[in-house]
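Residue-level listing of the chains:
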Amino acid sequence: MTNLTWAVRMQGVNKRFGLVQANDNVDLQVADASIHAVVGENGAGKSTLMNIVYGFHRADSGEIYVNGRRVDLGSPQDAIRAGIGMVHQHFMLVENFTVLENVVLGVEGGALLAGGLARARRELEKLACDYALAVPLDTVVSELPVGLQQRVEILKALYRGAQILILDEPTAVLTPQETDELLRNMKKLKERGTSIVFITHKLREVKEAADKITIIRRGKVVGTASPSASQEELASLMVGRPVSLDVEKKSPELGKVMLDIK
């Protein structure tokens, strides 16, 4: 661990909403070019923490460093300038726009569109090829299956220069086949130097994809683990008590026949 460089490092991060302490003195280190899973029950504070990294929320206290430099992330634009992208559980796409229009939306007049849509198309085609994220650029987003819409969101972040990618519950809306494809894409992104923060509570996917796991419970970091940890160990850290994932079922006791149709 001593030779690792940190893509993101958070120290003593606190966030309160009224009476609720959403994040409580959180320390988190995400290694460069790695897949780091942040796991916990629903409401544990995972998404709030990542929304702080992406500038949606401002921490009440604490420090955030990106690639060794302390940053003040007061908005998503600050995060994008720092090389951070986020794919939310509910996609931020305009359904009646094409893939190309969605990706360039918001960068009009900036350097990314200095060469016009033709250049943007070429850059997107290259990104799609490099990262195995092929999407039909001229198709209206509403006509795409959910798995391809998620690819559009990832391409949108990469097009804006993201080297750190936050995926918030990315498999919640995917089929098992789409989930397997996403995990392969995540590993491809890591191979090409992207750091990924993977927010989830699905332990099979964590063990398959993550290099390191941080467990959050009630706003606090309660432990870190490697993918070699058992699902029972991870689940116990998540809920704060021993957990058995084996479902015990008694043999059914049949009563008298109430209806007999021939």
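This report concerns the structure included in the present document. Numbering of residues begins from 1 in every chain and follows the order in which that chain's sequence is written. This being a predicted model, a pLDDT of at least 70 is required before a residue's local features are given, and a value of 80 or more before pairs of side-chain atoms are given or counted; all residues contribute to the totals for chains, interfaces and linings. For the side-chain quantities, the full set of heavy atoms in the structure was used; hydrogens and water were omitted.

1. Quick look at the side chain of Asn 51
Heads up, the condition is: Segments assigned H or I by DSSP are reported as helices when at least four residues long, segments assigned E as strands when at least two residues long, and all are numbered from the N terminus. We call a residue buried when its accessible area falls under 20% of the maximum for its residue type, exposed when it is over 50%, and partly exposed in between, using a 1.4 Å probe and counting protein chains only. By definition in these notes, contact holds between two residues if any of their heavy atoms fall within 4.5 Å.
Structurally, Asn 51 can be placed in helix α1 (residues 46–53). In this structure Asn 51 comes out as buried when scored by relative accessible area, which is 14%. With residues up to four places along the chain from it excluded, the contact list for Asn 51 reads Phe 56, His 57, Met 86 and His 88.

2. Quick word on the nonpolar core
Put simply, the rule reads: Side-chain atoms within 4.5 Å are what join buried Ala, Val, Leu, Ile, Met, Phe, Trp, Tyr and Cys residues into a set we call a nonpolar core.
Counting 47 residues, the largest nonpolar core has Val 99, Leu 124, Ile 154, Leu 165, Met 186 and Ile 213 as its most contacted members. For this core, the element with the most residues is helix α5 (residues 146–159), which contributes 6 residues. In contact with Val 99, not counting residues within four places along its chain, are Val 135, Pro 136, Leu 137, Thr 139, Val 141, Leu 144 and Val 152. By size, the runner-up hydrophobic cluster in this structure holds 27 residues, among which are Leu 28, Ile 52, Val 197 and Ile 216.

3. Things to note about the pairing of strand β3 (residues 35–39)
Using the following cut-off: Two strands are said to pair when DSSP picks up at least two bridges between them.
Judged by how many residues are buried, β3 sits mostly within the fold: 5 of 5 residues are covered. Residues Ile 35, Ala 37 and Val 39 point to one face of β3 and His 36 and Val 38 to the other, with burial holding for every one of them. Direction of pairing for β3 relative to strand β8 (residues 195–200): parallel, over a ladder of 5 bridges. Bridge pairing links Ala 37 to Phe 198 in β8. As judged from the 4 bridges shared by β3 and strand β9 (residues 212–217), these two strands associate in the parallel manner.

4. Brief notes about helix α8 (residues 231–239)
In plain terms, the rule: Each direction from the helix axis to a C-beta atom contributes to the arc, which is the arc of those directions.
Along α8, the positions that sit buried rather than exposed are Leu 234, Ala 235 and Met 238. Down the axis of α8, the buried side of the element spans an arc of 95 degrees, and every buried residue falls inside it. In this structure, the buried side of α8 is in contact with β3, α7 (203–209), β9 and β10 (220–225). Phi turns positive, to about 80 degrees, at Gly 240, one or two residues after α8.

5. Concerning the sheet that holds strand β7 (residues 164–168)
Worth spelling out the cut-off: As a rule, the C-alpha atoms of each element are fitted with a line to give its axis, helices using only the stretch in contact, and angles between N-to-C directions run from 0 to 180 degrees.
A sheet is described by the order of its strands in space; here 6 strands give the open sequence β6-β7-β8-β3-β9-β10, paired in mixed fashion. Edge positions in the sheet fall to β6 (84–87) and β10, since each has one partner strand and no second. On average, adjacent strands in this sheet sit at an angle of 20 degrees to one another, irrespective of strand direction.

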